Amino acid sequence: MNEQLISFIRDYFGTSDFIPLHAPVFSGREKDYVVDTIDSTFVSSVGAYVDRFEQDMASYTGAPRAVATVNGTAALHIALRLAGVESGDLVITQPLTFVATCNAIAYCGAEPVFVDVDRHTLGLSPQALETWLEDNAQLDAEGVCRAKADNKAIRACVPMHTFGHPADLDGLVAVCQRWNLNLVEDAAESLGSFYKGRHTGTFGALGTLSFNGNKIMTTGGGGMILAGEELGAHAKHLTTTAKKPHPYEYIHDEVGYNYRLPNLNAALGCAQLEQLESFIEAKRALAAGYEAFFRGGDIEFVKEPAECRSNYWLNAVVCENKAQRDALLKSTNDQGVMTRPIWALMNHLAMYQQCRKGDLHNAEWLEARVVNLPSSVVVKAG
Ligand SMILES: *Cc1c(COP(=O)(O)O)cnc(C)c1O
């Protein structure tokens, strides 16, 4: 089985060399645009590519405003601040995520609360969220959701669209509305993924993207905040040192951040975005190949949820048990085909192990079984 998989992957990628989990592809106008910024001398905090990248991303996602940032973690930090998250607050998220989700919560001085994921979406479960809130929260006289235990405000809820597969957004929106929670989507992995025809990251008050080197498209390092007009304008202000517009005076009206994306990186982003649909097509073709390979076997390929179009950023399988997972990881990596287990759960990390949590049996179950497979864009000839 593992040997057949390795042959399948080597055939598909057409190489006997090392096959990484994910490598970026620069087959468009990247060099032209980057050289253009150098020729113009505007490589840094001012430049036309930043505006263009933001506009292109707003129209692609359908978000009224898109604000470029230095990375996805910074985007999430600002999104949480704009969702009203303050020191001493609680923010609900999933334990099955990349550490950046929790770190952004911690940067606000807030504490993550871990609620279980759904097995089929790998994203935050609306049922688990409702159950945790019924057991542990109440709305106060002003309608603020508070923990029964210590009255701390539960300000926001941050689902993450794992490996590009949309979480159950209808369910999450409904629970968040019932409990007055600000929905902030960590859509770092799901650029190009749609839930019932609408782009992930546009369902809550704010959403965030990442353009790190391993994501579906890259700016080297970079991120984006998706928001409505008003919050988007405030996001732009906060990420650009909160400077009041003026031809020469330096007046800043709040503690801002230097989180803006340099023009050099935005140039790369504009060229990558032009190819995004072709990247997604290639990834979906690879996913279809994996799906056919695993059909009928004892390892389950993770498919896009119903009524969703997933970008299939990272392909994943669920093994029957941990022993099968470990054997798969060992034989592939030993033979130069990179595979990786899913992240250690956030509640197992030293800095988050004291945090509140609900019943996490799906996350624990998946932690022992999920493996990511090579997922780079392959441009098939003919
Ligand atoms: C990549 C990623 C981020 C942001 O990462 P940056 O490297 O800061 O751009 C945030 N959350 C998740 C789930 C991610 O995968």
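So, how was this worked out
- Residues numbered from 1 in each chain as written.
- Predicted model: local features only at pLDDT ≥ 70, side-chain atom pairs only at ≥ 80, totals over all residues.
- Heavy atoms only, no water.
- Phe/Tyr/Trp six-rings, centres within 6.5 Å; stacked < 30°, edge-to-face > 60°.
- Buried < 20%, exposed > 50% of the residue type's maximum accessible area, 1.4 Å probe, protein only.
- Helix = DSSP H or I, 4+ residues; strand = E, 2+ residues; numbered from the N terminus.
- Lys NZ or Arg CZ within 6 Å of the ring centre and 35° of its normal.
- 1 Å grid on protein atoms, 1.4 Å probe; cavity = no way out; pocket = protein on both sides within 12 Å on 5 of 7 lines; lining within 4 Å.
- Points joined across faces, edges and corners; volume = space filled by probe spheres on them.
- Nonpolar A, V, L, I, M, F, W, Y, C, P; charged D, E, K, R; others polar.
- Pairing = 2+ DSSP bridges.
- Domains from an automatic or database assignment.
- Contact = heavy atoms within 4.5 Å.
- Buried area = accessible area lost by both parts, 1.4 Å probe.
- Salt bridge = Lys/Arg side-chain N within 4 Å of Asp/Glu carboxyl O.
- Polar contact = N/O pair within 3.5 Å; in protein donor to acceptor, adjacent residues only side chain to side chain.
- Axes fitted to C-alpha atoms, helices over the stretch in contact; angles between N-to-C directions.
- Parallel < 35°, antiparallel > 145°, perpendicular 65-115°, else oblique.
- Left-handed = near helix turned anticlockwise from the far one by under 90°.
- UniProt positions renumbered as here; feature names shortened; annotations may be inferred.

S.K.: Would you take a moment to explain the packing of aromatic side chains for this structure?
M.R.: The geometry of an aromatic ring pair is captured by two quantities: the separation of the ring centres and the angle between the planes. The final tally for this structure, using the stated rule, is 14 aromatic pairs. Geometrically, the ring pair formed by tyrosine 195 and phenylalanine 203 is edge-to-face, given 5.6 Å between the ring centres and 85° between the ring planes. Judged by its relative accessible area of 7%, tyrosine 195 is buried. Residue phenylalanine 203 is classed as buried on the basis of its relative accessible area, which comes to 14%. Ring plane angle 10° and centroid distance 6.2 Å describe the contact between phenylalanine 301 and tyrosine 312, whose orientation is recorded as stacked. Taken as a pair, phenylalanine 301 in strand S12 (residues 300-301) and tyrosine 312 in the loop between strand S13 (308-309) and strand S14 (315-318) lie far apart in primary sequence, 11 residues in all. Given the relative accessible area of 6%, phenylalanine 301 is considered buried. A connected cluster of aromatic rings, assembled from ring pairs, spans Phe8, Tyr12, Phe13, Tyr290, Phe293, Phe294, Phe301 and Tyr312. A cation over a ring is seen here: arginine 119 above tryptophan 365, with NZ or CZ 3.5 Å from the ring centre. Here the guanidinium or amino end of lysine 243 rests over the ring plane of tyrosine 250, the centre of that ring lying 5.5 Å away.

S.K.: Help me understand the layout of surface pockets, please; the structure alone is not making it clear to me.
M.R.: Empty space among the atoms becomes apparent when a probe as large as a water molecule is rolled across them. Quantified by volume, the largest pocket comes out at close to 310 Å³. Elements represented by at least two residues in the lining of the largest pocket include exactly helix H4 (72-82), helix H5 (100-107) and strand S10 (206-210). Looking at the lining of the largest pocket element by element, the count peaks at three residues for H4. Class assignment for the residues of the lining of the largest pocket results in seven nonpolar, nine polar and four charged. One number sums up the size of the second largest pocket: a volume of about 270 Å³. Elements that contribute at least two residues to the lining of the second largest pocket include exactly helix H3 (48-61) and helix H8 (229-239). Of the residues assigned to the lining of the second largest pocket, the class counts are four nonpolar, four polar and four charged.

S.K.: Even after reading the chapter, I still don't get the sheet that holds strand S16 (residues 370-373), so can you show me in this structure?
M.R.: Picture the strands of a sheet paired through backbone hydrogen bonds; they go either parallel or antiparallel. Spatial strand order, S12-S14-S16-S15: four strands in an open sheet with antiparallel pairing. The open sheet terminates on both sides in strands that have one partner only, identified here as S12 and strand S15 (340-341). Relative to S16, S15 runs antiparallel, the two being bridged by two bridges. Across the sheet, residue arginine 340 finds its bridge partner in S16, namely asparagine 372.

S.K.: When you look at the domain arrangement of the protein chain in this model, what are you seeing that I'm missing?
M.R.: Often, the extent of an interface is quoted as the loss of accessible area upon association of its parts. For the protein chain, the assigned domains are domain 1 (2-27 + 276-373) and domain 2 (30-274). Here domain 1 and domain 2 have C-alpha centroids that lie 25 Å from each other. Between domain 1 and domain 2, the contact holds 44 residues from the first and 53 residues from the second. For domain 1, the biggest contributors to the area lost against domain 2 are Leu276, Trp343 and Arg356; these three give 21% of the whole. At the junction of domain 1 and domain 2, the tally comes to two salt bridges. Arginine 356 is the salt-bridge partner of aspartate 150, the closest N and O atoms lying 2.7 Å from each other. Inspection of the region where domain 1 meets domain 2 yields 25 residue pairs in polar contact (both at pLDDT 80 or more). Elements represented by at least two residues in the side of domain 1 that touches domain 2 include exactly helix H10 (276-294), S13, helix H12 (361-367) and S16. Residue classes in the side of domain 1 that touches domain 2 are distributed as 26 nonpolar, nine polar and nine charged.

S.K.: For this particular structure, what's the right way to read the environment of alanine 292?
M.R.: With respect to the helices and strands, the residue alanine 292 is situated in helix H10. By relative accessible area, which is 42% here, alanine 292 ends up partly exposed. For the pair formed by alanine 292 and isoleucine 38, sequence separation is 254 residues and the distance between their alpha carbons is 46 Å.

S.K.: Can you walk me through the environment of lysine 283 in this structure?
M.R.: In this fold, lysine 283 is placed in helix H10. Residue class for lysine 283 comes out buried when judged on its relative accessible area of 1%. In sequence terms lysine 283 and methionine 346 are 63 residues apart; their C-alpha atoms lie 28 Å from each other.

S.K.: It is not clear to me how the packing of helix H1 (residues 2-13) against H10 should be interpreted in this structure. Could you clarify?
M.R.: When two helices pack together, their arrangement is given by the angle between the helix axes and by the axis-to-axis distance. Where H1 contacts H10, the axes come no closer than 11 Å and their chain directions differ by 155°. By the angle class used here, H1 and H10 are roughly antiparallel. Of the two elements, H1 crosses H10, and the hand of that crossing is right-handed. Residues Gln4, Leu5, Phe8, Ile9, Tyr12 and Phe13 of H1 lie in contact with H10, whose contacting residues are Ala282, Ala285, Leu286, Gly289, Tyr290, Phe293 and Phe294. For the contact of H1 with H10, the residue count by class is 11 nonpolar, two polar and no charged.

S.K.: I would appreciate a short explanation of the UniProt feature "active site" (unreviewed entry) in the protein chain in the present structure.
M.R.: According to UniProt, the positions carrying the feature "active site" (unreviewed entry) are Lys215. Positionally, lysine 215 belongs in the loop between S10 and strand S11 (223-227). A relative accessible area of 10% places lysine 215 in the buried class. Setting aside its immediate chain neighbours within four residues, lysine 215 contacts His22, Ala188, Glu189, Ser210 and Trp313.

S.K.: Sorry, what's going on with the pattern of salt bridges here?
M.R.: Oppositely charged side chains can form a pair if their charged atoms are brought close together. Tallying each qualifying case throughout the model produces 18 salt bridges. Salt-bridge contacts for arginine 29 lead to glutamate 274; the nearest nitrogen and oxygen are separated by 3.4 Å. Highlighted residues: arginine 29 in the loop between H1 and helix H2 (30-40) and glutamate 274 in the loop between helix H9 (263-273) and H10, separated in sequence by 245 residues. A residue is classified by how much of its surface remains accessible, and arginine 29, at 46% relative accessible area, is partly exposed.

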